[in-house]
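Letter by letter, the chains look like this.
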Amino acid sequence: MTEAYNGLSPKAHWTDMTDRFAEDIANVQSIRAIPTILDVVCRTTGMRFAAVARVTEHRWIAFSVRDEIAFGLTPGGELKVETTICNEIRQSGEAVIIDHVSKDAAYCTHNSPAMYGFQSYISMPIRLTDGTFFGTLCAIDPDPHTLNTPGTAEMFSMFADIIGFHLSAIERLTLTEIRLSDERKHAALREQFIAVLCHDLRDPLAAIDGGMLLLRRTPLNEKAATIADLVQKSVVRLACLVDNVMGFARARAGGGLALIRTAGSIEPMLRQVIAELQTGAPDQVIETNFELTQPVNCDHARIGQLLSNLLGNALTHGASDKPIEVAAATTGGWFRLSVTNSGTPIPAVALKQIFQPFTRGVLDESKQGLGLGLYIAYQIALAHDGSLRVASAPAGTRFIFRMPLDS
């Protein structure tokens, strides 16, 4: 039977690990401090070969090397792991320090010094910040050197910690970049899906609205006329919902709302939005106060959506027996649009998050909607380099949008 490694054949497993080691080598070589560390190690101890090695159960690979004895290893070069003392360090997790192999009772007969021709040796385990064993910081020399001192051991331990910290930081950064890339892909997919869905919804909504208009031109009894009115009101509400969902998807995708600015009179569009919403609330008094003497350079459709959301919010949460005022003016280099309604003041806790998405329940759990309208209005204001703020008191609640005319 073929042995498997995490679901991979031995050949596939080896290829996968080789790819990972190639990435690790690149990561180690990207740490600018490591050549300096190896240089300091050699100069301080007198050792003439030092390396950062990746050590696993099956492989020993040099990732960074300083070689003054022609040992013959370069980054990517390998030794048989079972022939190295580093393999024992991987198993024990403890450093090994040898001043003079020939005089060391534990290592004078060890195979590694004889095989690789060294008399002095020091190797410190490198661990990542989560405690995972990575490899070793090691040094060898054909001549004996005094290494087994507190100062040398502490220096190697400190350098090993620094290397482990940098490798962990690179790993975290890589994972973050992968997650961000995945999130961007998912966000783009979500936006495409919502765009297609909303586009497909608009067509039947337009057909229903057109059908109701034709139907109302024919003689209808009172019940049929009432049903036609209800259907048209639902179409208006659904169209607003579709626009808000589309705006939400685009805003959350990270690119903000796209604008198509044109300079011109904005009053006809404002009156059209009011008229559309008035059909859904024929008994509600909506007063207007317009002082629009200059053209406004803006995305007229987006500003219409902003007004629709603010006015829709007033119709939903305001007092039905008190007038709603829509005021607009161009003065002092600014375009100003406000919607004011009477009714119960917005609680202070709700005001703090009123422009966040899905906050409908904070205002009134009995009201319908996704809680996206004010969020989209706020995003539209930001996209126009403007602001949207709210003031709420017993005398009334007012939303005020301002944007510079020359933006």
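Below: a short report on this structure. These figures come from a predicted structure and were not determined experimentally.

1. Some remarks on the sheet that holds strand β10 (residues 324–331)
Spatial ordering of the open sheet is given by β8-β10-β11-β13-β12, a layout of five strands whose pairing is mixed. Whereas interior strands pair on both sides, the edge strands pair on one side only; in this sheet they are β8 (286–291) and β12 (387–393). Across the sheet, the mean angle from the axis of one strand to that of its neighbour is 10°, orientation sign disregarded. Together, β8 and β10 form the strand contacts of helix α7 (residues 267–280), whose direction differs from that of β8 by roughly 175°. In the packing of helix α11 (residues 373–383) onto the sheet, the strands contacted are β12 and β13 (396–404), and the crossing angle to β12 comes to about 135°.

2. Digging into the pattern of salt bridges
One pass over the full model with this rule turns up seven salt bridges. Notably, a salt bridge pairs Asp141 with Arg48, separated by 2.7 Å at the nearest N-O pair. Of this pair, Asp141 sits in strand β6 (residues 133–141) while Arg48 sits in the loop between α2 (33–45) and β1 (49–55), and the two are 93 residues apart along the sequence. Residue classification places Asp141 among the buried positions, given a relative accessible area of 0%. Close ionic contact of Arg59 with Glu78 constitutes a salt bridge, the shortest N to O distance being 2.4 Å.

3. Focus: helix α8 (residues 300–317)
Along its 18 residues, α8 runs 26 Å from first to last C-alpha, staying within 8% of the 26 Å computed at 1.5 Å per residue. Taken across its 18 residues, α8 has 13 buried, putting it largely inside the fold. For α8, the N-terminal cap is Asp299; the gap from its side-chain oxygen to the backbone nitrogen of Ala301 is 3.2 Å.

4. Topic: the sheet that holds strand β3 (residues 78–79)
Strands sit in the order β3-β2-β1-β6-β5-β4 across an open sheet of six strands; the sheet is antiparallel. The open sheet has two free edges, formed respectively by β3 and β4 (96–98), since each of these has just one partner strand. Looking at chain direction, strand β2 (residues 60–67) and β3 are connected through two bridges and run antiparallel. Looking at β3, one finds that Ile61 is bridged to Glu78. Each of β1, β2, β4, β5 (120–127) and β6 is contacted by helix α3 (residues 85–92), which is oriented at about 40° to β5, the strand it contacts most.

Cut-offs used in this document
Residues numbered from 1 in each chain as written. Predicted model: local features only at pLDDT ≥ 70, side-chain atom pairs only at ≥ 80, totals over all residues. Heavy atoms only, no water. Pairing = 2+ DSSP bridges. Helix = DSSP H or I, 4+ residues; strand = E, 2+ residues; numbered from the N terminus. Axes fitted to C-alpha atoms, helices over the stretch in contact; angles between N-to-C directions. Contact = heavy atoms within 4.5 Å. Salt bridge = Lys/Arg side-chain N within 4 Å of Asp/Glu carboxyl O. Buried < 20%, exposed > 50% of the residue type's maximum accessible area, 1.4 Å probe, protein only. Expected span 1.5 Å × (residues − 1). Polar contact = N/O pair within 3.5 Å; in protein donor to acceptor, adjacent residues only side chain to side chain.

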